[in-house]
Amino acid sequence: MPNVVALVNDDRVRRQIEQYLAELGIDDLRFATFKSTKDFSELYFREKVEEPLASKEPNSELDDEKPPSEDSAPKPDAPSESEGEGAELKLFSEVHMMIVALDNLDGKLDPWIKQFYQSAKKFKFWPAEYRIRLILLKYEDDGLSKVDLMNPLLDDIIFMPLDRLVFLQKFEIIMNLPEKASPSFLFSQEVKYEIEISKITKLDRLSDVGLAIRNPVPLKNGLVGRFYVNFPEEKGPIQLVGKVIRSVPHPEYPDQYLVYFLYVGISKAELTSVRRALSKAPRYQSLVKEDQNLFRFYPDNMMLTDEERKVFGVGLIDADELGGKNLSANLSKEIDRVGVILERSLSVFVYEHLESATRDRTPPDTTAETDFYSVPLTVKIERVGLKFKELLPVPIESQKFLGHEALEVIGTPEGVMGLIKDKSSQLKLEDACLLLDMG
């Protein structure tokens, strides 16, 4: 049985909440509304004081009075004429959701949330299945940024005046957590395009290679995140893409994590914006120490462990031979304990270095010009599909090819293409065609 409590000072908004909750059609849904935190606290968080025995002596005047009839007593769900809106206040055994308007709170939001949850546990209004869900209502133009109101225990922020469908759909989703809710009011139509789900988060660390955010839970390594960051004095937000590399407990905020992201595909303009913002920080320095010798690897150091002597392999794939060689040389020069493997294509890299265990690496016999009936032999092949076109010169009778009758071996298109049917030759041929297409 879900029990909902709304703490809203605005009469119109409070009536809207009552109307919208009634529209949900949940038979066992109960809700109570309060105009102030004082009224709510006096009813829910009051200490129970038992009356002394002496006060329970019979009173003749009261004994002579007749108990009120059922018809004369106000119904719990309907306000009486004497109590007015006070009849709406219901004391539930458990509270499953709290809806509170920001202008009802005295002081800052975070201390109130902490005090509310402590009191709910103390006075045993805490549900057995999960924590109390908390929705905050605020006016969009109240001058307060929603970023400053973020709290791990706050499930959502909804702007006032309330939008009926947005309020109903968010309530349905949050009330069903952690289970998945089928949408009844919004998002019920099938869409054919991607929807980006986002959240506002605290940026705790920033450098020119990555960033770290504050998050209530650790994130899985390899998870990709897209960030829109507004740096001071920059024209609009810049977009950064990063991948999670680790999550650690936050050293300053309990129950929070520092999630580190490494930039992926950062452009020169984006990197310039990041470095420009970092340069304005008073104590920022890009390197811990400027002296590279302090971080050099010295293999003769007898104090190094086997793990510290380990050499790491880096695969580098670049169709530009000169550019690949320059980058490979820079990596080997600037980073210790790194061996660079350079290839022109991914397929060749996979075949040569990842599938090598299953191949016979015995080198073939060396050939000579006398093994061919003509030098050179030219084979014309279509770039697309690698189909045979022509062999020049065409072999004739009695001519030899690698010690065999040339007409029998390469006298047909199938015979010519059969010479390069192994995977290594196919990859090299595809690589050559790719380089020709690139010019």
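Residues numbered from 1 in each chain as written. Predicted model: local features only at pLDDT ≥ 70, side-chain atom pairs only at ≥ 80, totals over all residues. Heavy atoms only, no water.

**Q** Which parts of the structure should I look at to understand the overall build of the protein?
**A** Looking only at helices and strands, one finds 11 helices and 16 strands in the protein. Within the protein, buried positions represent 28% of all 439 residues. In the protein, the proportion of contacts linking residues at least 24 apart, taken out of those at least 6 apart, comes to 59%. Accessible area of the protein: about 30700 Å², with a carbon and sulfur share of 53%. (Helix = DSSP H or I, 4+ residues; strand = E, 2+ residues; numbered from the N terminus. Buried < 20%, exposed > 50% of the residue type's maximum accessible area, 1.4 Å probe, protein only. Contact = heavy atoms within 4.5 Å. Areas by Shrake-Rupley, 256 points an atom, 1.4 Å probe, with all protein chains shown as cover.)

**Q** How should I be thinking about the nonpolar core in this particular structure?
**A** Residues F40, Y44, M98 and W112 are the most contacted members of the largest nonpolar core, which totals 27 residues. Listed by contribution, the elements that provide at least two residues to this core are strand 1 (3–7), strand 2 (30–34), helix 2 (37–44), strand 3 (97–101), helix 4 (109–122) and strand 4 (133–139). Among the elements that take part in this core, helix 4 stands out by supplying 6 residues, more than any other. Setting aside anything within four residues of it in sequence, one finds W112 in contact with L7, T37, M98, V100, L105 and L134. (Core = buried A, V, L, I, M, F, W, Y, C linked by side-chain atoms within 4.5 Å.)

**Q** How should unusual backbone geometry be read in this particular structure?
**A** As a rule of thumb, non-glycine residues mostly have phi less than zero, and peptide bonds are mostly trans rather than cis. That bond from M160 to P161 is cis: its omega, 0°, falls within 30 degrees of zero. As for its placement among the helices and strands, P161 is situated in the loop between strand 5 (156–160) and helix 5 (164–176). Look at the link from L177 to P178: it is a cis peptide, with omega at 5°. Although it is not a glycine, R337 sits at a positive phi angle of roughly 60°. Position of R337 relative to the elements: it lies in the loop between helix 7 (321–334) and strand 12 (338–343). Non-glycine residue S398 carries a positive phi angle of around 75°. Within the secondary structure, S398 is located in the loop between strand 14 (388–392) and strand 15 (400–401).

**Q** What exactly am I supposed to notice about the packing of aromatic side chains here?
**A** The description of two aromatic rings rests on the distance between their centres and on the angle between their planes. Following the criterion strictly, the structure yields 16 aromatic pairs and no others. An angle of 45° between the planes, with centres 5.8 Å apart, marks the rings of Y20 and F167 as tilted. With a gap of 147 residues between them, Y20 in helix 1 (residues 11–23) and F167 in helix 5 connect regions that are remote in the sequence. Considering the side-chain rings of F34 and Y44, the 5.9 Å spacing of their centres and the 70° angle between planes classify their relative orientation as edge-to-face. Residue F34 is found in strand 2, and its partner Y44 is found in helix 2; the two are separated by 10 residues along the sequence. Accessibility classification places F34 together with Y44 in one group, the buried group. If you follow R214 out to its NZ or CZ, it ends over the ring of Y253, 3.9 Å from the centre. (Phe/Tyr/Trp six-rings, centres within 6.5 Å; stacked < 30°, edge-to-face > 60°. Lys NZ or Arg CZ within 6 Å of the ring centre and 35° of its normal.)

**Q** When you look at the sheet that holds strand 6 (residues 202–206) in this model, what are you seeing that I'm missing?
**A** Either a parallel or an antiparallel arrangement is found when strands of a sheet pair, and the pairing is made through backbone hydrogen bonds. On the basis of which strands lie adjacent, the open sheet formed by 5 strands has the order 6-7-10-9-8 and antiparallel pairing. Only two strands of the sheet have a single partner each, and these edge strands are strand 6 and strand 8 (224–229). The mean inter-strand angle of the sheet, taken between neighbouring strand axes irrespective of direction, is 40°. Sheet analysis places strand 6 next to strand 7 (residues 210–215), joined by 4 bridges and oriented antiparallel. Across the sheet, R205 pairs through a bridge with A212, a residue of strand 7. Contacts between helix 6 (residues 268–279) and the sheet are confined to strand 6, strand 9 (238–249) and strand 10 (257–263), with strand 9 contributing the most and set at about 65° to the helix. (Pairing = 2+ DSSP bridges. Axes fitted to C-alpha atoms, helices over the stretch in contact; angles between N-to-C directions.)

**Q** Looking at this model, I keep getting lost on a nonpolar patch on the surface. Mind explaining?
**A** On the surface, a cluster of nonpolar side chains totalling about 410 Å² of accessible area is made up of Y193, I195 and I197. Relative to the helices and strands, Y193 is located in the loop between helix 5 and strand 6. Taking the relative accessible area as the measure of exposure, Y193 reaches 60% and is therefore exposed. (Patch = residues over 30% accessible without salt bridge, like charges linked within 9 Å, V, L, I, M, F, W, Y side chains within 5 Å. Salt bridge = Lys/Arg side-chain N within 4 Å of Asp/Glu carboxyl O.)

**Q** Could you clarify how one ought to interpret the sheet that holds strand 2 in this entry?
**A** Within the open sheet, the 5 strands sit side by side as 2-1-3-4-5. Their pairing is parallel. Each having just a single partner strand, strand 2 and strand 5 make up the two edges of the open sheet. For this sheet, the mean angle separating the axes of adjacent strands, direction not counted, is 20°. As defined by bridge partners, strand 1 adjoins strand 2 across 5 bridges and the pair is classed as parallel. Of the residues in strand 2, the one forming a bridge with N3 is R30.

**Q** Is there a simple way to explain the environment of E196 in this structure?
**A** Inspection of the secondary structure assignment puts E196 in the loop between helix 5 and strand 6. With a relative accessible area of 45%, E196 lands in the partly exposed category. When the C-alpha atoms of E196 and R226 are compared, they prove to be 9.6 Å apart, with 30 residues separating the residues in sequence. Setting aside its immediate chain neighbours within four residues, E196 contacts R226 and Y228.

Structural measurements only, silent on function.
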